[in-house]
Amino acid sequence: MPTALKNVNALPVPTWRRLGVNGAELIVELPEPGPRPRSNPSLPAGTLRAHESVLRCAEFRSALSPELAAYIRVHANCGARFRVKRGESVAEPVTARHTLTADAPAVVDNNVVYAEAHSRATLVLVYDSADDTACFHAGLTRVIAENCAEISVVEVQTLNAATPHFTDFSAVVANGAKVSLTRVLLGGADVYAGTHFKLEGGKSESNAEVFYLGDGERKLDFSYIAKHLGQHTSSALNSAGALFGSADKIMRGTIDFARGSSGSVGGECENTLILSDGARNRSAPLILCGEESVEGTHAASCGSPDAAKLYYLMSRGLSEREAKTLLVAGLLEPSLKNVPDEKTRAFLREYLTARIK
Amino acid sequence: MSGEKKSVSEISRSVYDRKGKAAPKFKVQSGLTPEIIRTISDEKNDPDWMREFRLRSLEIYEETELPAWGYPLDALNMDDIVTYVRPDARQSHDWESVPDEIKSTFEALGIPEAERTGLAGVGAQYDSEVVYHSIKKEVAELGVVYTDMDSALRGEYAGMVREHFMKLLPASEHKFLALHGAVWSGGSFVYVPDGVEVPIPLQSYFRFNAAGAGQFEHTLIILGKGASLHFIEGCSAPKYNVANLHAGCVELYVAEGARLRYSTIENWSKNMYNLNSKRATVEKGGAIEWVSGSFGSHTSFLYPMSILRGEHARCEYTGITFAGAGQELDTGAQVLHLAPNTTSHISAKSISKNGGKSTFRGGVTVSENASGSKISVACDSLMLDSRSRSDTVPVMDIRAANADVGYEAKIGRISEQAIYYLMSRGLSENDAKAMIVGGFAEPISKELPLEYAVEMNRLINLEITGN
């Protein structure tokens, strides 16, 4: 049944309506997904299966859409839900691979990570398509990192061009804990991604690396909120990508320093290459500040590839297309550093090159 | 320095807070009705088209919602606002003919002196009407027209006014432009013919005296090809315990190769709702430069827009906002790049203190046709305490492949090291802070004529030290 979603990826502080960045309004066919075989990943030593109820001790906020998050919680047909035992450093990543097929065309995954104090783990979420069948994906990932825990979540998406991708990430981070999110969003039909970090504890940290590729008539709609509550907290967002065809991308990035977050530092860096005349790039980089002794910075650059770099590469024998491909691939590398296995990294490099070609 | 005031909650604004005692000659009832609009139109002896325009604008006002963004405007009740107040003075070209009460107010503000020493012309508005307007003979002989809007509306330039009036900023754009269209009064009209460069600035000063009233002046400036002008706008009002409203409108037409600098030092009293609209359209090779200092008002919404229509047109915005106790200042700039190789540079600074709230709101749009355009946006915000707020809400909408866009923003506090250094050289803490804030504001003050830069630095000192 078609469902109207309002204020998807809503800007925390609205601005002029004509700019179209206050939030997306969508009509989405939200399926009732069937069960998926082998839907939950195996867990390495040091982790335990967990129920969603472990999250009751924290208050999460969906940056993407509270309605969609509620749908996912009710209709999830898979998900990685685990807790990491206190003091455990789990070297092997928990990997959940979701290949969408005509037989099981809907993946609605509800992922839960509860990291006890001083623990460390990585969750890898892989979404791809077996063929060209139009499928559906909506995922919700919530993380609690207790004192001094370190959690890394890596999301890799190479869905086919007929499958929409909704992904919602939120984390609550305690004293001295650190949560990282890496998103490599290369495929899918329209892509909607929300990110919310709540830095509650003193000296807590968040780090987000995002790479995206927009082509055809794809819509890429992102929101990122880093809410600084504790003292001496730190957040960073590095977002990079390339737009071709008549792709339309919006990035809403907000660093929010609440009163009491003294000594905190927040930074956002955005780099977008526009490689076609029809592409559109919108950025709304907000800094909200209710505390005196903080430091918020934002830097963005957007446009065609640097002429000097292109000239240099072409003078070394590359065609213009090859030179541009190399520059786009260069933007992917910082995100790939967080992808734990070389096989996936190699696959993503090849996939990107093929897509650009 | 021992006698220096340490509290800035009640700063001395004696020059600005001077309240004129002369009763107005006429004023309409508070509120907004078609009858009130017709009365204003009769008082001003409007041509028929303007009377109809006012009534249509009132309809639009009634149909339009309040903005869904920005600080709340709930405390502004139009039923309590008197939209037209005619002072007991005829417009004059000679300060001696201006009634003493009004003249002494402008003298205290330094307007006649500024005219003598460094202005090509002055317009002075008191409440809803212009009471003084003059232009230097040698500038008038160049063909420059500088007159009040009422005279322009009925005189030789009536056709030009009708062709341009509220065409850049239509009444349908937002509620307070519709309000302006309905009740506007006063303001200045400037026309600079092709190729004429006005060597020294023109200034219009808007003084608001009546309590519980509104001021709605309209400024229309048209520059011919290759012309150049520096126009200065000043405004102030005494403080009352009731809300006052300013909803002016500034429309600027910059022809091919022309250059216009529009400077504003806004120092409204802190009971004022300043909901002003400004827009410039710039043709091929032309330039608009906005220099803006916002110090006063209770609530401000002010975002000058530059529409770069012709190739190689350019725009610069340099602005500073100082939000003190009880103030909510939402300011910024908008640029629309519609032609190739256009350039815009926005540099916005804000300072928040004593619970003041400031927001930088920006919008830069680069259309499909604006290839080769270059945009740079820089926002710096200084928080002087943790009771205050400072937000930046910029948006960039880029639709051209080979545009070059750079944006950077920074929010932070005054470096304790820098304060310590200055204090170790004998400055008090407040003086050290004032010096650092003065340095922070220096890129704006250096863009102003010397007298205005001094005035701006004085306002900063007032806000920081209370002296």
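Residues numbered from 1 in each chain as written. Chains lettered and ligands numbered in written order. Predicted model: local features only at pLDDT ≥ 70, side-chain atom pairs only at ≥ 80, totals over all residues. Heavy atoms only, no water.

S.K.: Can you lay out the packing of aromatic side chains for me, pointing to particular residues and giving the numbers?
M.R.: All names here are of chain B. What the rule picks out here adds up to 24 aromatic pairs over all chains. On the basis of an interplanar angle of 50° and a centroid distance of 6.3 Å, the ring pair of Phe 26 and Tyr 84 is categorised as tilted. Taken together, the positions of Phe 26 in strand 1 (residues 26-27) and Tyr 84 in the loop between helix 3 (48-63) and strand 2 (85-86) put the pair 58 residues apart, joining distant regions of the chain. Ring plane angle 40° and centroid distance 5.9 Å describe the contact between Tyr 157 and Phe 189, whose orientation is recorded as tilted. (Phe/Tyr/Trp six-rings, centres within 6.5 Å; stacked < 30°, edge-to-face > 60°. Helix = DSSP H or I, 4+ residues; strand = E, 2+ residues; numbered from the N terminus.)

S.K.: So, the interface of chain B and chain A: which residues are in play, and what are the values?
M.R.: With 40 residues of chain B at the interface, the matching set in chain A holds 38 residues. Per-residue buried area on chain B facing chain A is highest for Ser 386, Ala 401 and Ile 411 of chain B; these three make up 17% of the total on that side. The interface formed by chain B and chain A holds 2 salt bridges in total. The closest approach of N and O atoms between Asp 397 of chain B and Arg 280 of chain A, which form a salt bridge, is 2.6 Å. At the boundary of chain B and chain A, one finds 18 residue pairs in polar contact (both at pLDDT 80 or more). Those elements that place two or more of their residues in the side of chain B that touches chain A are strand 22 (357-366), strand 24 (389-398) and strand 25 (404-413) of chain B. Here the side of chain B that touches chain A is composed, by residue class, of 18 nonpolar, 11 polar and 11 charged. Bridge analysis of strand 19 (residues 295-303) of chain A against strand 25 of chain B gives 8 bridges, and the strand direction is antiparallel. Its bridge partner being in strand 25 of chain B, Ser 301 of chain A is matched across the sheet by Gly 406 of chain B. (Contact = heavy atoms within 4.5 Å. Buried area = accessible area lost by both parts, 1.4 Å probe. Salt bridge = Lys/Arg side-chain N within 4 Å of Asp/Glu carboxyl O. Polar contact = N/O pair within 3.5 Å; in protein donor to acceptor, adjacent residues only side chain to side chain. Nonpolar A, V, L, I, M, F, W, Y, C, P; charged D, E, K, R; others polar. Pairing = 2+ DSSP bridges.)

S.K.: Which residues make up the packing of helix 3 of chain B against helix 9 (residues 175-183) of chain B, and what are the values?
M.R.: Residue and element names in this part refer to chain B. Relative to each other, helix 3 and helix 9 sit at 155°, their axes nearing to 7 Å. By the angle between their directions, the pair helix 3 and helix 9 is classed as roughly antiparallel. In the packing of helix 3 onto helix 9, the handedness of the crossing is left-handed. Judged by residue contacts, Phe 53, Arg 54, Ser 57, Leu 58, Ile 60 and Tyr 61 of helix 3 engage Lys 175, Ala 178, Leu 179, Gly 181, Ala 182 and Val 183 from helix 9. Broken down by class, the residue content of the contact of helix 3 with helix 9 amounts to 8 nonpolar, 2 polar and 2 charged. (Axes fitted to C-alpha atoms, helices over the stretch in contact; angles between N-to-C directions. Parallel < 35°, antiparallel > 145°, perpendicular 65-115°, else oblique. Left-handed = near helix turned anticlockwise from the far one by under 90°.)

S.K.: Give a description of the packing of helix 2 (residues 34-43) of chain B against helix 3 of chain B that names residues and reports values.
M.R.: For any two helices packed against each other, the geometry is given by the interaxial angle and the distance between the axes. Residue and element names in this part refer to chain B. Between helix 2 and helix 3, the shortest axis-to-axis distance is 10 Å and the interhelical angle comes to 155°. Between helix 2 and helix 3, the interaxial angle falls into the category roughly antiparallel. The two elements helix 2 and helix 3 meet at a crossing, and its hand is right-handed. Between helix 2 and helix 3, the residues in contact are Pro 34, Ile 37, Arg 38, Ile 40, Ser 41 and Asp 42 and Arg 51, Arg 54, Leu 55 and Leu 58, respectively. Its residues assigned to classes, the contact of helix 2 with helix 3 shows 5 nonpolar, 1 polar and 4 charged.

S.K.: Can you lay out the confidence of the model for chain B for me, pointing to particular residues and giving the numbers?
M.R.: All names here are of chain B. When the pLDDT values of chain B are averaged, the result is 90; 95% of them are 70 or greater. Across residues 1-12, confidence stays below pLDDT 50; counting only partners more than four residues off in sequence or on other chains, it has 28 contacts. The complex model carries a pTM of 0.92, and its ipTM stands at 0.93. (pLDDT = per-residue confidence, 0-100.)

S.K.: Describe in detail the pairing of strand 4 (residues 129-135) of chain B, supporting the description with residues and values.
M.R.: Most of strand 4 of chain B is tucked away, with 6 of its 7 residues classed as buried. Linking strand 3 (residues 121-126) of chain B back to strand 4 of chain B in an antiparallel pair, the connection comprises 2 residues, with Asp 127 of chain B at a positive phi of about 55°. (Buried < 20%, exposed > 50% of the residue type's maximum accessible area, 1.4 Å probe, protein only.)

S.K.: Run through the environment of Ile 274 of chain A, naming residues and quoting values.
M.R.: All names here are of chain A. For Ile 274, the location among the structural elements is in strand 17 (residues 265-274). Accessibility expressed as a relative area gives 1% for Ile 274, which makes it buried. Residues Ile 274 and Phe 244 lie 30 residues apart in sequence; the distance between their C-alpha atoms is 6.6 Å.

S.K.: So what's going on with helix 1 (residues 66-75) of chain A? Which residues, and what values?
M.R.: All names here are of chain A. Listed as buried for helix 1 are Leu 68, Ala 69, Tyr 71 and Ile 72. Buried positions in helix 1, seen along its axis, are confined to an arc of 160° and lie on one side of it. Those residues of helix 1 that are exposed and aimed more than 90 degrees away from the buried face are Pro 66 and Val 74. (Arc of directions from axis to C-beta.)

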